[in-house]
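Chains, contacts and geometry: an overview
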Amino acid sequence: MPRAHKGSAPRKGGQRRRGGARSSSAQADSGSSEDEAASEARSTTSDCPSLLSTVAEDSPGGDAVDEQGQQEDLEEKLKECVDCLTDKSAKIRQGALENLRLVLASRLLPDFLLERSLTLADALEKCLKKGKGEEQALAAAVLGLLCVQLGPGPKGEELFHGLQPLLVSVLGDSTASPATRLHCASALGLGCYVAAADVQDILFCLTCLEGIFSQPCGVDGSPAPASLHGLFCAALQAWALLLTICPSTHVSHILSRQLPRLPQLLSSETVNLRIAAGETIALLFELARDLEEDFLYEDMDALCSALRTLATDSTKYRAKADRRRQRCTFRAVLRSVEGSECEEETVRFGLEVLYVDSWARRRVYAAFKDVLGSGMHHHLQNNELLRDIFDLGPVLVLDAAALKACKLSRFEKHLYNAAAFKARTKARSRVRDKRADIL
């Protein structure tokens, strides 16, 4: 079984590195009634073709399915969706954007998109400029997916450079909806990571994102509203993603500037922002020790105390699932800050395995997972960009007979799951409290 190479050193200079698009709730126009909104939504369904059934049908294992015919049918529907992006109705444009988002996340269509890159770029620019709320958020999400599909080639670079100023403008617009700014932050980080060839582009995007999460207070000094915490979290994660490819000559300046500030976000009321801050702190320590093996942080005791508090938090007013996720994350963060290596995670897809063994690698994987969702495994198998990023080698070409031969029987799956359950139970029992022994 192929094994991905370990390690994720920051990209030096401008060399290309080897190695969420969740829609916000749509708002009806103030001048239309509920009946009009419902009828417009019904007309949207009929005018803009749904691609869900086409994508669902195209799954491996269907020997009788005509793959070529399905591909042509999907492309025809995609053409209609591209045409719908310039429709006068905002609902139809939103429906087309949502369909494109779903298909681009679950399928790989570089040839189709290369032929229409200029058309898509113009349509997305209009949606970002003239659209509002939901439409802008979807347009930013589709832009990030387009960068993943087109990769770091000339077309991808042209797309990103053409829409980068608009993304920065909307991101810094306090009158735009938080969901729109959130998706713009994610698209800016992912697009720059994939398509930016110049170090200055990376530094510029880092500065823009840093300006968002570094000011978690209102104009009058009061705490920022909770509605902006999602934006801060997305900006911080996109910033951390770009930090993994930032030249080492600039990393030291960023460390000295941000490492004393980030612990302030650990006291946020939002669990996602606390976790994002903790993971970013672990990433900064990892990068600092790559530059200087004996790196020492001045306020180490206070930082470890704060991390230890979050790793053992049992505050009842927080949701049990949030407490569990927070404790699990901050135990790993605390171990890394104190000098231990990042715990290795295993991702299995098809016949291959990806090993995520560093905080930089974990941040990159999470960034692509957030935008691709359930299509992540498909892209890991077939997308040359992701295979290059994670050092997976060329795409494996396997016919249906080979796949069928490698497929486990139901009894073999049962034995495998039983063995995995037994091993997991033994591993967990070593770190659980033995209350009987204590008494």
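What you see is a predicted model, and the numbers here were worked out from it, not measured in a lab.

**Description of the overall build of the protein chain**
- Secondary structure summary: the protein chain contains 21 helices and two strands in total.
- Taken across its 439 residues, the protein chain has 45% of its residues classed as buried.
- Of the roughly 23100 Å² of accessible surface on the protein chain, 52% is carried by carbon and sulfur atoms.

**Quick look at helix H11 (residues 229-243)**
- Between its first and last C-alpha, H11 extends 21 Å over 15 residues, near the 21 Å set by a 1.5 Å rise per residue.
- Among the 15 residues that make up H11, 13 are buried, leaving the element largely enclosed by the rest of the structure.

**Regarding the packing of helix H7 (residues 134-150) against helix H8 (residues 154-171)**
- Two elements in contact, H7 and H8, have axes separated by 9 Å at closest approach and are oriented at 160 degrees. When the interaxial angle is binned, H7 and H8 end up roughly antiparallel. Relative to H8, H7 is oriented so that their crossing is left-handed. Between H7 and H8, the contacting residues are Ala-140, Leu-143, Leu-146, Cys-147 and Leu-150 on the first element and Lys-155, Gly-156, Leu-159, Leu-163 and Leu-167 on the second.

**Topic: the pattern of salt bridges**
- Considering all chains together, one arrives at twelve salt bridges under this definition.
- The residue Arg-93 makes a salt bridge to Glu-135 at a minimum N-O spacing of 2.7 Å. Taken together, the residues span a long stretch of sequence, with Arg-93 in helix H4 (residues 90-106) and Glu-135 in helix H7 at a distance of 42 residues.
- Look at Arg-93 and you get buried, because its relative accessible area is 15%.
- One salt bridge in this structure joins Glu-343 and Arg-335, with 2.1 Å as the shortest N-O distance.

**Looking at the packing of aromatic side chains**
- This structure, assessed with the given rule, holds five aromatic pairs.
- Ring geometry for Tyr-365 versus Phe-390: centroids 6.2 Å apart, planes at 65 degrees, classification edge-to-face. Highlighted residues: Tyr-365 in helix H16 (residues 359-372) and Phe-390 in the loop between helix H18 (384-389) and helix H19 (400-406), separated in sequence by 25 residues. Each member of the pair Tyr-365 and Phe-390 is classed as buried.
- An aromatic cluster is defined as three or more aromatic residues linked by ring pairs; in this entry it consists of Phe-285, Phe-295 and Tyr-297.
- The ring of Trp-359 has Arg-362 sitting right over it, with the charged end atom 4.2 Å from the ring centre.

**Brief notes about the confidence of the model for the protein chain**
- Counting all residues, the mean pLDDT for the protein chain is 81, and 78% of those residues have values of 70 or more.
- Contacts from residues 56-64, a stretch scored under 50 in pLDDT, to residues over four places away or in other chains number four contacts.
- Between residues 435-439, whose pLDDT stays under 50, and residues either more than four places distant or in other chains, the model counts zero contacts.

**A word on the nonpolar core**
- Membership of the largest hydrophobic core comes to 128 residues, with the highest contact counts inside it found for Trp-239, Phe-368 and Phe-390.
- Setting aside chain neighbours within four positions, we find Phe-368 in contact with Val-148, Leu-190, Tyr-193, Val-194, Gly-373, Met-376, Leu-385, Leu-386 and Ile-389.

**Points about the pairing of strand E2 (residues 352-356)**
- Burial analysis of E2 places five of its five residues in the buried class, which makes it a mostly covered element.
- As paired elements, strand E1 (residues 345-349) and E2 share five bridges and run antiparallel to each other. Across the sheet, the residue bridging to Glu-345 is Val-356, located in E2.
- Linking E1 to E2, which pair antiparallel, is a turn of two residues; within it Gly-350 sits at a positive phi near 60 degrees.

**What about the state of the cysteines?**
- Scanning all chains against the criterion turns up zero disulfides.
- Not part of a disulfide, Cys-208 finds its nearest cysteine sulfur in Cys-205, a span of 6.2 Å.
- Judged by its relative accessible area of 18%, Cys-208 is buried.

What counts, and at which threshold
- Residues numbered from 1 in each chain as written.
- Predicted model: local features only at pLDDT ≥ 70, side-chain atom pairs only at ≥ 80, totals over all residues.
- Heavy atoms only, no water.
- Helix = DSSP H or I, 4+ residues; strand = E, 2+ residues; numbered from the N terminus.
- Buried < 20%, exposed > 50% of the residue type's maximum accessible area, 1.4 Å probe, protein only.
- Areas by Shrake-Rupley, 256 points an atom, 1.4 Å probe, with all protein chains shown as cover.
- Expected span 1.5 Å × (residues − 1).
- Axes fitted to C-alpha atoms, helices over the stretch in contact; angles between N-to-C directions.
- Parallel < 35°, antiparallel > 145°, perpendicular 65-115°, else oblique.
- Left-handed = near helix turned anticlockwise from the far one by under 90°.
- Contact = heavy atoms within 4.5 Å.
- Salt bridge = Lys/Arg side-chain N within 4 Å of Asp/Glu carboxyl O.
- Phe/Tyr/Trp six-rings, centres within 6.5 Å; stacked < 30°, edge-to-face > 60°.
- Lys NZ or Arg CZ within 6 Å of the ring centre and 35° of its normal.
- pLDDT = per-residue confidence, 0-100.
- Core = buried A, V, L, I, M, F, W, Y, C linked by side-chain atoms within 4.5 Å.
- Pairing = 2+ DSSP bridges.
- Disulfide = S-S within 2.5 Å.

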